[in-house]
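Each chain is listed here by its residues.
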Amino acid sequence: MHRQLLLEKLAIYHPSEQEVTFKRDMIAFVQAHPECFERSLLHGHVTASAWLVNKEGTHVLLMHHAKLDTWLQLGGHCDGDSDVLRVAIKEAQEESGIMHIVPVSEDIFDIDVHRIPANSREPEHDHYDVRFLLQVMSDESVMINKESKALRWVGKNIDELPTGRPAIIRMFTKWLQVA
């Protein structure tokens, strides 16, 4: 998905009340920065994430992020790849160890703009995160990699969520509505 296609997808995306400002800010950011998919754009960059459901559609996979020490959806940096859907699938594969993953839809599932704290490689910056609803199409087992402390399948009971992060709750609620 090149930059113009991302802008078109964002233009037709119907944000939740929480996402209205994110949509406005993300469109402005992508329009202003042709290099928005590059991590070298130090004040912020586009990232891609996956709300990954199992084959049966009954559970979602969350990871306990090693560096951020919090439970999140799978995802990561575009590193110059402007096809955010492809990046979301690739990140889901790398972070789960599951290779047979397909989009439930090529439409945007959720968006978020959030601050990432400074680390040894980057100053504090924003992630303009585009999220897709993806599904596992095999019986492969998950495999933890160095980016996570743990991976957990969470069922459709919100009390099972290992975090109260508003973005996770928002995606969880959307998933229940489409499931």
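Before any of the text, the structure's been laid out above.
Residues numbered from 1 in each chain as written. Predicted model: local features only at pLDDT ≥ 70, side-chain atom pairs only at ≥ 80, totals over all residues. Heavy atoms only, no water.

Chemist: Give me helix H4 (residues 166–178): which residues, what numbers.
Modeler: Here H4 is 13 residues long and its end C-alpha atoms lie 19 Å apart, about the 18 Å a rise of 1.5 Å per residue gives. Among the residues of H4, Ala167, Ile168, Arg170, Met171, Phe172, Lys174 and Trp175 are the ones counted as buried. (Helix = DSSP H or I, 4+ residues; strand = E, 2+ residues; numbered from the N terminus. Expected span 1.5 Å × (residues − 1). Buried < 20%, exposed > 50% of the residue type's maximum accessible area, 1.4 Å probe, protein only.)

Chemist: Break down the environment of Thr47 for me, citing the residues and quoting the values.
Modeler: In this structure, Thr47 sits in strand S1 (residues 44–53). You can call Thr47 buried: its relative accessible area is 2%. Between the alpha carbons of Thr47 and Val130 there is a distance of 6.3 Å; along the sequence they are 83 residues apart. For Thr47, the residues in contact, after removing those within four places along its chain, are Gly76, His77, Cys78, His127, Tyr128, Asp129 and Val130. (Contact = heavy atoms within 4.5 Å.)

Chemist: I'd like to hear about the packing of aromatic side chains, residue by residue, with values.
Modeler: In the structure shown here, the tally under the stated rule is three aromatic pairs. Consider the rings of Phe29 and Tyr128, whose centres lie 3.9 Å apart with planes at 5°: the pair is stacked. Pair noted here: Phe29 is in helix H2 (residues 20–32) and Tyr128 is in strand S7 (residues 125–136), with a separation of 99 residues, a long-range link. Accessibility expressed as a relative area gives 9% for Tyr128, which makes it buried. Centre to centre, the rings of Phe172 and Trp175 are 5.6 Å apart; their planes meet at 75°, and the pair counts as edge-to-face. Of this pair, Phe172 and Trp175 both sit in helix H4, three residues apart, which is roughly one turn of that helix. Ring pairing ties together the aromatic residues Trp51, Phe172 and Trp175, which thus form one cluster. Above the ring of Phe109, the side-chain terminus of Lys174 is found at 5.8 Å from the ring centroid. (Phe/Tyr/Trp six-rings, centres within 6.5 Å; stacked < 30°, edge-to-face > 60°. Lys NZ or Arg CZ within 6 Å of the ring centre and 35° of its normal.)

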